[in-house]
Amino acid sequence: MTVRIGVFICHCGHNIASTVDVEDVVEYAKGLPGVVYSGRNLYSCSQEGLTSIKESIKNNELDRVVVAACTPRTHEPVFRRACEQVGINKYLFEFVNIREHCSWIHTKEKEEATKKAKKLVAMGVAKVALLEPQEEGESDVVPKAVVIGAGLSGLSAAAALLNQGIETHIVEKEATVGGILRDIAVIGPDDVDAQELIRSLTETVEKSPKAHLHLSSKVTELKGFIGNFELTIEGGGKEETVQAGAVIVATGGVEHRPEGEYGFGELKGVITQLELEKILGSGELGARRIVIINCVGSRQPGREYCSRVCCNASLKNAVRVLDTDPDASVTIVHRDIMSCGTVAEELYREASDRGVRFVRYGLDQRPEVSSEGEQLVVEVFDETLDEKIDLESDLVVLATPIVSPGDSSETSKLLKVPRDKHGFFLEAHVKLRPVEFATDGVFVCGSARWPVSARECIWQGQAAAAKASIPISEGKVVIEAITAVVDPEKCAACGNCVISCPYDAIEIVDTESGRAARVSEAQCKGCGTCVAACHNDAIQQKGFSSRQLGAMIDALIRATAEVSR
Amino acid sequence: MTEFKPDILAFCCNWCSYAGADLAGVNRLQMPTNVNVVRVMCSASVKPEYVIKALSQGIDGVLVLGCHIGDCHYMTGNHRTAKRIPLTAKVLEKVGIDSRRVKLDWVSAAEGDKFQQVITEFVEEIKGLGPNPLREVRF
Amino acid sequence: MRIAFEEMKADRLLTARTEHGNVAPVLLARGDEPGELRTDVPYQMANILLRVVPYLGSDKIAVVARRCDEKAIAEMSKRGLLDSGKISLIGLACDAEQVSECRCSDPCPSKVHIGECVKASPTDKVVEDLLAKSISERLEFWTAQFRKCNKCFGCTSNCPVCFCDECLLEEKTFTPEKGIPPGFAFHLIRSIHLADKCVECGECERACPADIPLLALRKMVNRDVKELFGFVSGDGETTSPLLTTLDGDSMEGDNDVC
């Protein structure tokens, strides 16, 4: 097959051209196999650059395009679109990175950088010659969603989905909704009534004819892919199968129980923050001298993260103690007070003005809690006074971090979504895709992802619902054509691909050419793990076939010989 | 005698190490010119056959870079890489190709500096080993 | 052998017998005249079994199997390419002469019906000598060996665990276009493919008309796999470590929660 390849080398202003001899690379590319046009642009991605590329494609009847410029991670869609606009399938485009991977990292080696740019272009040309046009698949979407977890984030997500008229299943492992908020009366820093918040969200759910609340239940199986999930929900001795287009993980976090630390579980009167919340909610405080120790079990080796909500909770509870009993004394023993934002900052000032004492300790000199008769004594090295002080108290409150619940590894395996080293779920991209998993159609919000405040639970719940509603309201999902594909003629049905696929997307089936592997296109994420497991190249990843990559290796060897001549 | 300029092939996964290489570029971190990057979606798609082919045909060294274990965009794709590539290096060592010519490492999207370090050190290592003897072997 | 065959209630028997003055594999049905059965020639029955199975329908088959046959059958069954439920093994323990000829380190079938087990050396002189060479000597040695390869594919077609109909080594993707000899990569790619399944039967080396010491290469790679992953080919249970996660999980059917 003859191909008509066009190569476009970008100056990127001075970014590339000040290091790489663009004209030299253009001339070199003219001699590469299959190249019928080679040119350059000052800025390929500018309107002018794109127009000139499109003109050249038309004038030279090009059928494949290589652009050597910056990184495909940001600019590939721009050039793919340009190709499509002049009738070239966007999968017949190859990007060569001569900026990030060449000119910018070899600024003082112009000659060598130019040689390298030639090699990279030769490799790109070799690959593009073997690329094949691809059609992106489309798949229908079941207009339903499943939210796992009915804490604040889960309820917020569910309410947002229901408000859009989307049928929603909510699966909660406990017998009641609300999660951590069940134990909290007032949410800081701006004194929101927690129970009223839960009540109003629950009302939205209960009133909606499209809501299905599964209490004391859990998801035991997830099959399928974006648009077409099938979940098994088990609860009350029954099993139900539910179809859904999207799944939101809102499994939340739990309060860390610091067994054995600071006398917790051993000394009477040493409790956790959430236990204090309950006491405050009941209105029966009893204690008059209260010490709150922050950062118990967080920001230390093994659990390095800041749980973000505890400082504000300590401040809010200190103030609430004073509201209940203006003569009480409250000391917050802390490592740093993180009360970001105007409202929280205000709360800190209020606590300070009303006499809450702040004592700062360091990780190398942690407070010690002991009991003397009926009372507790907290011995702490005050960094400001530079000496040890004893704080007599009736109640010692340990502000511990939100940690991932024990069953999150089970959830992770079930949904095939990753977790970080602390057991929290890992989003696809911290900034660009914060409520999505890399697995399409599965979303995450709230403390399942990272310790968050009540406010953030609501935001993230709504964000996840908004994201989940996109495929549902569009009714179709497009599948990027870099999936794996099996040649059943070659396939020996050994099952290597089946076992190694991280997404369970491959099965052995009977075909016209005997038993062979089959890839479920919509489930395949295009990682290519199966490709490397296949012994006879029967399975290939579109756009990254072994012939294409093999040709790149051959091209590198050939180009090296050419440019060093 | 002319100076030995190693010719190195690097496979970088799209999500972590290719992005890490991009970041190195954005930060203008300078490094040797000997490494040529091939973008793959996941390090787990790097067939041992590519590594063997490249070294058999005279490439001086092959780098396979992926996401850190636990951070793989495809969850556990790189777990397979972590087994295949070291085995490939050992097989090559058995027939006389120094296993140091194959290197597997993890570079995250945030580790432009680590990318620079890995590239610099690998180029130095290969320079120390000298040209791939198979460069001159004709079959 | 006949007693074992009767006990197993199989419909067919795969073994070897004298045919036209030579030894050949034979597939007998119940009631067939057995002729002069032979167990003194090391046919790779597993390889033959894989080829006859498609024609057996629902018939059960008994196979006279040496330890290497048994391991190869286990490897193939694990991959769903043989149905172990339909296969009974008549264990044949190789004699000392055979063991030494094969440089076999694992000659005793899990159940012995014919012959008696003999002790085998766990090490192999050829391998030890090769590993004692310096890296440049190894390269020199193997380059010379691989140059002799005329790409006859005898090693692949006689291999009991090489199961692809079309081999990627027949294509030019990974080996140079020029043809013969097929370059340095050819036997290394095969080594990688066999790393998690080679049972060290030695058929490749026996089949090689160029006398390339392929069994030694297999043994060295198997040793690497054992060192790296603690995995030894030949059991029907353990999933290849090359396919699983670092925790040893595969995505299929493993619901073990940590």
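The following refers to the structure shown. What you see is a predicted model, and the numbers here were worked out from it, not measured in a lab.

### Points about the overall build of chain B
No. 1: The helix and strand tally for chain B stands at four helices and four strands.
No. 2: Along chain B, helices and strands appear, N-terminal first, in the series β-α-β-α-β-α-β-α.
No. 3: Its C-alpha atoms give chain B principal-axis dimensions of about 40 × 30 × 20 Å.
No. 4: Considering chain B as a whole, with its 139 residues, one finds that 70% of them fall into the buried category.
No. 5: Partitioning the intrachain contacts of chain B with sequence separation of at least 6 by distance along the chain shows that 82% fall at a separation of at least 24.
No. 6: A total accessible area of about 4,100 Å² is found for chain B, and carbon and sulfur atoms account for 50% of it.
No. 7: Of note, chain B has its 17 positive side-chain charges centred 6 Å away from the centre of its 15 negative side-chain charges.

### What about the overall build of chain A?
No. 1: The number of helices and strands found in chain A is 15 helices and 30 strands.
No. 2: Residues classed as buried in chain A amount to 59% of the 565 residues present.
No. 3: The contacts of chain A with a sequence gap of at least 6 include a subset with a gap of at least 24, amounting to 68%.
No. 4: Positive and negative charge centroids in chain A, built from 62 and 82 side chains respectively, lie 6 Å apart.

### A word on the sheet that holds strand 2 (residues 35–41) of chain A
Residues and elements named next belong to chain A.
No. 1: Read from one edge of the open sheet, four strands run 2-1-3-4, paired in parallel fashion. Strand pairing shows two members of the sheet lacking a second neighbour, strand 2 and strand 4 (93–97), which therefore form its edges. This sheet shows a mean twist of 15° between the axes of neighbouring strands, independent of strand direction.
No. 2: When strand 1 (residues 5–10) meets strand 2, the two strands line up parallel, connected through six bridges. Note on strand 2: the bridge partner recorded for Phe8 is Gly39.
No. 3: Relative to strand 2, helix 2 (residues 22–30) is tilted by about 170°, and along the sheet it contacts strand 1 and strand 2.

### Section: the packing of helix 5 (residues 110–130) of chain A against helix 15 (residues 546–563) of chain A
All names here are of chain A.
No. 1: Relative orientation of the contacting elements helix 5 and helix 15 amounts to 145°, with a least axis distance of 8 Å. The handedness of the crossing between helix 5 and helix 15 is right-handed. On helix 15, the residues that touch Lys115, Lys118, Lys119, Ala122, Met123, Ala126, Lys127 and Leu130 of helix 5 are Arg547, Gln548, Ala551, Met552, Ala555, Leu556, Ala559, Thr560 and Val563.

### So, the environment of Ile226 of chain A
All names here are of chain A.
No. 1: Within the element layout of this structure, Ile226 appears in the loop between strand 11 (217–225) and strand 12 (228–235).
No. 2: Remark: the alpha-carbon pair of Ile226 and Gly528, spanning 302 residues in sequence, is separated by 19 Å.
No. 3: The residues touching Ile226, leaving out its near neighbours within four places in the chain, are Gly245, Asp440, Gly441, Pro471 and Val477.

### Focus: the interface of chain A and chain C
No. 1: Contacts between chain A and chain C engage 24 residues on the former and 20 residues on the latter.
No. 2: Its salt-bridge partner being Glu171 of chain C, residue Lys490 of chain A comes within 2.8 Å of it at the nearest N-O pair.
No. 3: Run the count over chain A and chain C and you get four residue pairs in polar contact (both at pLDDT 80 or more).
No. 4: Tallying contributions element by element places helix 13 (residues 496–500) of chain A first for the side of chain A that touches chain C, with four residues.

### As for the sheet that holds strand 6 (residues 144–148) of chain A
Residues and elements named next belong to chain A.
No. 1: Sheet architecture is open: five strands sit in the order 10-7-6-14-25, paired in parallel fashion. Sheet topology places strand 10 (211–214) and strand 25 (442–444) at the edges, where each strand pairs with a single neighbour. Strand-to-strand, the axes of this sheet are offset by a mean angle of 15°, without reference to chain direction.
No. 2: Two strands pair when backbone bridges link them, and strand 6 and strand 7 (residues 167–171) are joined in this way by five bridges, in the parallel orientation. What sits directly across from Val146, in strand 7, is His169.
No. 3: Of the strands in this sheet, strand 6, strand 14 (246–249) and strand 25 are in contact with helix 12 (residues 454–474), which crosses strand 14 at around 170°.

### Remarks on the pattern of salt bridges
Residues and elements named next belong to chain A.
No. 1: As enumerated under the stated definition, the model contains 66 salt bridges over all chains in all.
No. 2: Where Glu277 meets Lys316, a salt bridge forms, and the shortest distance between an N and an O atom there is 2.9 Å. With Glu277 in helix 8 (residues 273–282) and Lys316 in helix 9 (residues 310–324), this residue pair connects regions lying 39 residues apart in the sequence. Neither residue differs from the other here; Glu277 and Lys316 are each classed as buried.

### Thoughts on helix 3 (residues 47–59) of chain A
Residues and elements named next belong to chain A.
No. 1: Between its terminal C-alpha atoms helix 3 stretches 18 Å, which fits the 18 Å expected from 13 residues at 1.5 Å a residue.
No. 2: In the core, the buried residues of helix 3 are packed alongside strand 1, strand 2, strand 3 (64–69) and helix 4 (72–85).
No. 3: One or two steps after helix 3, the chain reaches Glu61, where phi turns positive at roughly 50°.

### Focus on the nonpolar core
Grouped burial of nonpolar side chains is what soluble globular proteins tend to show.
No. 1: Residues Val121 of chain A together with Phe11 of chain B are the most contacted members of the largest nonpolar core, which totals 137 residues.
No. 2: Broken down by element, the residue count for this core peaks at nine residues, all from helix 5 of chain A.
No. 3: Residues in contact with Phe11 of chain B, not counting those within four places in the same chain, are Leu549 and Ile553 of chain A together with Val38, Val40, Val46, Tyr50, Val62, Leu63, Val64 and Leu65 of chain B.
No. 4: Within the second largest apolar cluster, 40 residues are counted, among which are Val141, Ala157, Leu161 and Ala454 of chain A.

### Brief notes about unusual backbone geometry
All names here are of chain A.
No. 1: A cis amide bond links Gly188 to the next residue, Pro189, at an omega of -5°.
No. 2: Its place among the elements puts Pro189 in the loop between strand 8 (186–187) and strand 9 (192–193).
No. 3: For Asp537, which is not a glycine, the phi torsion comes out positive at approximately 60°.
No. 4: When you line up the elements, Asp537 lands in the loop between helix 14 (529–533) and strand 30 (539–541).
No. 5: Asp537 sits in the buried class, given a relative accessible area of 3%.

### Considerations on the interface of chain A and chain B
No. 1: Each side of the interface is counted separately: chain A has 54 residues, and chain B has 48 residues.
No. 2: The largest contributions to the chain A side of the interface with chain B come from Arg73, Ile105 and Ile553 of chain A, which together make up 16% of the buried area.
No. 3: Applying the counting rule to chain A against chain B returns five salt bridges.
No. 4: A salt bridge links Lys119 of chain A to Asp7 of chain B, with the nearest nitrogen and oxygen atoms 2.9 Å apart.
No. 5: The tally of links between chain A and chain B comes to 22 residue pairs in polar contact (both at pLDDT 80 or more).
No. 6: Mapped onto the side of chain A that touches chain B, the elements with two or more residues apiece are helix 4, helix 5, helix 13, helix 14 and helix 15 of chain A.
No. 7: Of all the elements, helix 15 of chain A adds the most residues to the side of chain A that touches chain B, at nine residues.
No. 8: Of the residues assigned to the side of chain A that touches chain B, the class counts are 25 nonpolar, 15 polar and 14 charged.

### Considerations on the pairing of strand 13 (residues 238–244) of chain A
Residues and elements named next belong to chain A.
No. 1: With seven bridges connecting them, strand 12 and strand 13 associate as antiparallel partners. Residue pairing across strands places Phe229 opposite Ala244, the latter belonging to strand 13.
No. 2: Between strand 12 and strand 13, which pair antiparallel one after the other, the connecting turn spans two residues, and Gly236 there sits at a positive phi close to 55°.

### Some details on empty space enclosed by the protein
No. 1: Under the definition given, this model contains 12 cavities of 30 Å³ or more.
No. 2: By volume, the largest cavity amounts to about 190 Å³.

What counts, and at which threshold
Residues numbered from 1 in each chain as written. Chains lettered and ligands numbered in written order. Predicted model: local features only at pLDDT ≥ 70, side-chain atom pairs only at ≥ 80, totals over all residues. Heavy atoms only, no water. Helix = DSSP H or I, 4+ residues; strand = E, 2+ residues; numbered from the N terminus. Buried < 20%, exposed > 50% of the residue type's maximum accessible area, 1.4 Å probe, protein only. Contact = heavy atoms within 4.5 Å. Areas by Shrake-Rupley, 256 points an atom, 1.4 Å probe, with all protein chains shown as cover. Lys, Arg positive; Asp, Glu negative; His and termini not counted. Charge placed at Lys NZ, Arg CZ, Asp CG, Glu CD. Pairing = 2+ DSSP bridges. Axes fitted to C-alpha atoms, helices over the stretch in contact; angles between N-to-C directions. Left-handed = near helix turned anticlockwise from the far one by under 90°. Salt bridge = Lys/Arg side-chain N within 4 Å of Asp/Glu carboxyl O. Polar contact = N/O pair within 3.5 Å; in protein donor to acceptor, adjacent residues only side chain to side chain. Expected span 1.5 Å × (residues − 1). Core = buried A, V, L, I, M, F, W, Y, C linked by side-chain atoms within 4.5 Å. Buried area = accessible area lost by both parts, 1.4 Å probe. Nonpolar A, V, L, I, M, F, W, Y, C, P; charged D, E, K, R; others polar. 1 Å grid on protein atoms, 1.4 Å probe; cavity = no way out; pocket = protein on both sides within 12 Å on 5 of 7 lines; lining within 4 Å. Points joined across faces, edges and corners; volume = space filled by probe spheres on them.

Any functional reading would require information that these geometric values do not contain.
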